[in-house]
Amino acid sequence: MNIFIPLLVGILIGYLFRTRDMRVDLDVPMSAVLLLMIFFLGVKVGKVSVSTGWLLGSSIVFAVLTIIGSVGVALFLGVRR
Amino acid sequence: MRFVLYVLAALLLGMTIGHFYAPDFGNLYELMLYALIFIIGIDLGMNFRASELRKLGKSALFLPAGTLVGSMLGGLVAALLLGINLRWGLAISAGCGWYSLTGPLIAQYSPVYGALGFLSNLTRELLTVLLYPSLSRRIPAEVAVTIGGATTMDTTLAIMTKFGGREVAVIAFVHGFVLTAVIPFLLPLILGL
């Protein structure tokens, strides 16, 4: 299924909630679904043989370089208040 | 912060069970992903207001655009350094700290790069919490907001408000808000390249 379908349907339903002044607390369902999904993601990853050291090291490289990139471009553009 | 520990525990438990028992859960993972995307959509539909963007003028769009472009440039460099296909590098970095969306979306194509997307973006969120207090004193506090990526509208907003001030809080919220609206559309496009 295309990822855009549930996204667009959700946006439409959310918009309808807003126009009808209905507030829905999404924290609990979102947290529950997220934890279940992360668990299933872990199961998928666990089935594949992958080096934990490579995974952790590469994660840090990506995190640091994406942060440097974001701050660097913002400084280059001279974004100010 | 406690929720991050739950997330890590869920990931480690899943990896352990997957490694030792290799159970077949069918398409439960995909169902959870679509449920999550659906809930994110409802959240966006309930909260997206164009008027909030107008309040901040051009910087409301320039700052998140800079964050996204810079993040993707950093991702390309990381992919080249690590010898990873550039498409994975772009996808991982386009998540801008939104680990709960990036990891699962990429995992549809590759579980290993899904895990890398998840952990990289989780690490970015943790580094934001650790680095923002000192970085906001060395460079303009509103520019330092960019390190948080999409997380600046929720999980890292408190730390930015505390160390950047109330004015930065508004900028941080809108910054994260714009990225949160863009990333769910951008990531599938990159993965479809």
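Residue numbering note: each chain is counted from 1, following its sequence as written. Chains carry letters and ligands carry numbers; both start at the beginning, A for chains and 1 for ligands, and go up in the order they are written. Local features in this predicted model are restricted to residues of pLDDT 70 or higher, and side-chain atom pairs are both shown and tallied only at a pLDDT of 80 or more, whereas totals for entire chains, interfaces and linings draw on every residue. Side-chain measures here rest on the full set of heavy atoms in the structure, leaving out hydrogens and waters.

Next up on the list: the overall build of chain B. Strands here are runs of E lasting at least two residues and helices are runs of H or I lasting at least four, both read from the DSSP assignment and numbered beginning at the N terminus. Helix and strand counts for chain B stand at 10 helices and 0 strands. Each radius of gyration reported is based on C-alpha atoms, and the globular scaling rule is 2.2 Å times the count of residues to the power 0.38. A globule of 193 residues ought to have a C-alpha radius of gyration of about 16 Å, and chain B, at 17 Å, matches this closely. When its C-alpha atoms are laid out on the principal axes, chain B stretches across 50 × 40 × 35 Å. For every residue, the accessible area obtained with a 1.4 Å probe (protein chains only) is divided by the maximum for its type, and the residue is called buried under 20%, exposed over 50%, and partly exposed between those limits. For chain B, the residues scored as buried account for 58% of the 193 residues in total. Residue contacts are defined here by distance: any two heavy atoms, one from each residue, within 4.5 Å place the two residues in contact. For chain B, the share of sequence-separated contacts (at least 6 apart) that also reach a separation of at least 24 residues comes to 68%. All accessibility values rest on the Shrake-Rupley procedure with a 1.4 Å probe; residue burial counts only the protein chains present in the view. As displayed, chain B offers around 8100 Å² of accessible surface, 68% of which is attributable to carbon and sulfur atoms. The convention is simple: Lys and Arg are positive, Asp and Glu are negative, and His and the chain ends are not counted. Think of each charge as sitting on NZ of Lys, CZ of Arg, CG of Asp or CD of Glu. Distance from the positive charge centre (11 side chains) to the negative charge centre (8 side chains) of chain B: 10 Å.

Let's shift gears to the interface of chain A and chain B. On the chain B side, the residues contacting the 61 residues of chain A number 85 residues. Buried area adds together the accessible area that both of two parts lose upon being put together, with accessible area traced by a 1.4 Å probe. Roughly 6600 Å² of surface becomes buried between chain A and chain B when both sides are summed, with 82% attributable to carbon and sulfur atoms. When a carboxyl oxygen of Asp or Glu lies within 4 Å of a side-chain nitrogen of Lys or Arg, that pair is called a salt bridge. Our count for the chain A to chain B interface comes out at 0 salt bridges. Listing elements by their share of the side of chain A that touches chain B, those giving two or more residues are α1 (4-19), α2 (27-47) and α3 (52-77) of chain A. Here the element with the most residues in the side of chain A that touches chain B is α3 of chain A; it accounts for 20 residues. Of the residues contributing to the side of chain A that touches chain B, the split by class is 45 nonpolar, 10 polar and 6 charged. Under the scheme applied here, ten amino acids are nonpolar (Ala, Val, Leu, Ile, Met, Phe, Trp, Tyr, Cys and Pro), four are charged (Asp, Glu, Lys and Arg), and all others, including Gly, are polar.

Attention shifts here to the domain arrangement of chain A. Domain parsing of chain A yields domain 1 (1-49) and domain 2 (51-81). For each domain, the first and last residues come from an automatic or database assignment. Between the C-alpha centres of domain 1 of chain A and domain 2 of chain A there is a distance of 27 Å.

Turning to the environment of Leu 186 of chain B, a few remarks are in order. Residues and elements named next belong to chain B. Its location among the elements puts Leu 186 in helix α10 (residues 166-191). As a C-alpha pair, Leu 186 and Ala 91 span 95 residues in sequence and 8.8 Å in three-dimensional space. Those residues within four positions of Leu 186 in sequence are excluded, and the remaining contacts are Leu 68, Met 72 and Ala 94.

The next point concerns the confidence of the model for chain A. pLDDT expresses how confident the predictor is about each individual residue, on a scale running from 0 to 100. Model confidence for chain A is summarised by a mean pLDDT of 85, while 94% of its residues fall at 70 or above. For chain A, α2 of chain A is the element with the lowest average pLDDT, namely 83, and α3 of chain A is the one with the highest, namely 93.

In a helix, the anticipated span is given by 1.5 Å times the number of residues less one. The terminal C-alpha atoms of α10 of chain B lie 37 Å apart, and with 26 residues this matches the ideal 38 Å at 1.5 Å per residue to within 8%. Along α10 of chain B, the sharpest kink reaches roughly 40°, centred on Ile 183 of chain B and followed within four residues by the proline Pro 184 of chain B. Two axes enter the bend calculation: one fitted to the seven residues ending at the residue in question, the other to the seven starting there, and the bend is the angle between them.

All right, on to the packing of aromatic side chains then. Aromatic pairing here means that ring centres of Phe, Tyr or Trp (its six-membered ring) are within 6.5 Å. Orientation follows from the plane angle: under 30 degrees is stacked, over 60 is edge-to-face, and everything else is tilted. One pass over the full model with this rule turns up 7 aromatic pairs over all chains. Ring geometry for Phe 40 of chain A versus Phe 25 of chain B: centroids 4.9 Å apart, planes at 65°, classification edge-to-face. Linking Phe 40 of chain A in helix α2 with Phe 25 of chain B in the loop between α1 (2-20) and α2 (28-47), this pair reaches from one chain into another. Residue class for Phe 40 of chain A comes out buried when judged on its relative accessible area of 8%. Summarising the aromatic geometry, the rings of Phe 173 of chain B and Phe 177 of chain B are spaced 5.7 Å apart at their centres and angled 20° between planes, so their arrangement reads as stacked. Taken together, the positions of Phe 173 of chain B and Phe 177 of chain B, both in helix α10 and 4 residues apart, correspond to about one turn of that helix. For Phe 173 of chain B, a relative accessible area of 25% translates into the label partly exposed. For Phe 177 of chain B, a relative accessible area of 4% gives the class buried. Aromatic ring contacts, followed pair by pair, group Phe 39 and Phe 40 of chain A together with Phe 25 of chain B into a single cluster.

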